[in-house]
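Read off the chains here:
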Amino acid sequence: MTVLITGSRGRVARALTALLHDRGADVRVASRKPEEVEPPEGVRTTALSLDDPSGFPAALAGVDSVFLYAEASHIGAFLEQAERAGVGHVVLLSSASVMEPDAERDPIARHHLEVETALAASPIASTVLRPGAFAANALQWAWPIKASGAVNLPYPGAHTDPVHEADLAEAACAALTDSRVRGGTYHLTGPESLSFAEQVDVLADATGQPIAAVPVSREAWRAETAEHLPDAFAEALLDWWKALDGTPTEVTDTLERLIGRPPRTFASWAAENAAAFTRP
């Protein structure tokens, strides 16, 4: 089995590459800059950008299965070329946001929904993974925490269900290698619902240093993030956090059923990544 892994510099893709390689699969990792990828010994790299169809034929040649990050811009062309190349299965890393009633109007959810819709219309078999919040999203707080010992939060009481990227990689590995999993759509969460303020407390415990969760207005947070976050995405995030403020999110047992053990906690992720948040 030859598996093409897109988004190969991402945390989930890197963990999945190692898992499949250890199982003896023929793994091909794709990146727009393959020279910057450092895969395990024996894993091939290929040039591929999901927003540039010119690279699709070469990257997909001889591939049986694909682990696909959600990129909607040329998904039709990608799936057409995948079918032409004989790809039999696509595992999509989507998002639980597509399950919201206004998903088509949300810029984050719509992007994933367009890819899911294209896959559903394709003759290629597909398995869809819909994770909630990545534990690694907390890394956006690393710089302010290291700089000031505090992080500004417009909705400190907003809950998410942080899921460890290694667990998502194991779920993707199961989808690619276990016929019993293939073809399903799975809502994946971490083992607990935690508010942002609670997550900050967990990071403080992991680093052994105090960290303040500072409530700020939507406007102040927008000004802080304006240089690197488009307005539409920022407003979608703010509206999502507002809806989750003080409300625990649904936690599923789907991930445990896929990987055969309880998923890792946010505390375990924080312990592994404490150095990113620790002040000198």
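Placed above this text is the structure.
A quick note: this is a predicted structure, and the numbers were derived from the prediction, not measured. (Residues numbered from 1 in each chain as written. Predicted model: local features only at pLDDT ≥ 70, side-chain atom pairs only at ≥ 80, totals over all residues. Heavy atoms only, no water.)

*Asks:* Which residues make up helix 7 (residues 196-207), and what values do they have?
*Replies:* Between its first and last C-alpha, helix 7 extends 17 Å over 12 residues, near the 16 Å set by a 1.5 Å rise per residue. Count one or two residues on from helix 7 and you reach Gly208, which has phi positive near 75°. (Helix = DSSP H or I, 4+ residues; strand = E, 2+ residues; numbered from the N terminus. Expected span 1.5 Å × (residues − 1).)

*Asks:* Give me the lowdown on the environment of Pro107, citing residues and values where you can.
*Replies:* The residue Pro107 is located in helix 4 (residues 107-121) in this model. In the structure, Pro107 is positioned 77 residues away from Ala30 in sequence and 26 Å away in space, judged by C-alpha atoms. Apart from the residues within four sequence positions on either side, Pro107 is in contact with Ala232, Phe233 and Ala236. (Contact = heavy atoms within 4.5 Å.)

*Asks:* Could you give me a rundown of the nonpolar core, with the residues and numbers involved?
*Replies:* Inside soluble globular proteins, nonpolar side chains tend to come together where they are buried. Counting residues in each nonpolar core, the largest one holds 30 residues, and the members touching the most others are Ile5, Leu16, Leu20, Phe67 and Leu188. Mapped by element, the contributors of at least two residues to this core are strand 1 (2-5), helix 1 (11-22), strand 2 (26-31), strand 5 (89-93), helix 6 (165-177), strand 9 (185-188) and helix 10 (254-259). The biggest single contributor to this core is helix 6, with 8 residues. Beyond its immediate stretch of four places on either side in the chain, Ile5 contacts Ala13, Leu16, Thr17, Leu20, Val27, Arg28, Val29, Ala30 and Phe67. Core analysis: the next-biggest nonpolar cluster, separate from the first, contains 28 residues, Ala138, Leu194, Ile211 and Leu237 among them. (Core = buried A, V, L, I, M, F, W, Y, C linked by side-chain atoms within 4.5 Å. Buried < 20%, exposed > 50% of the residue type's maximum accessible area, 1.4 Å probe, protein only.)

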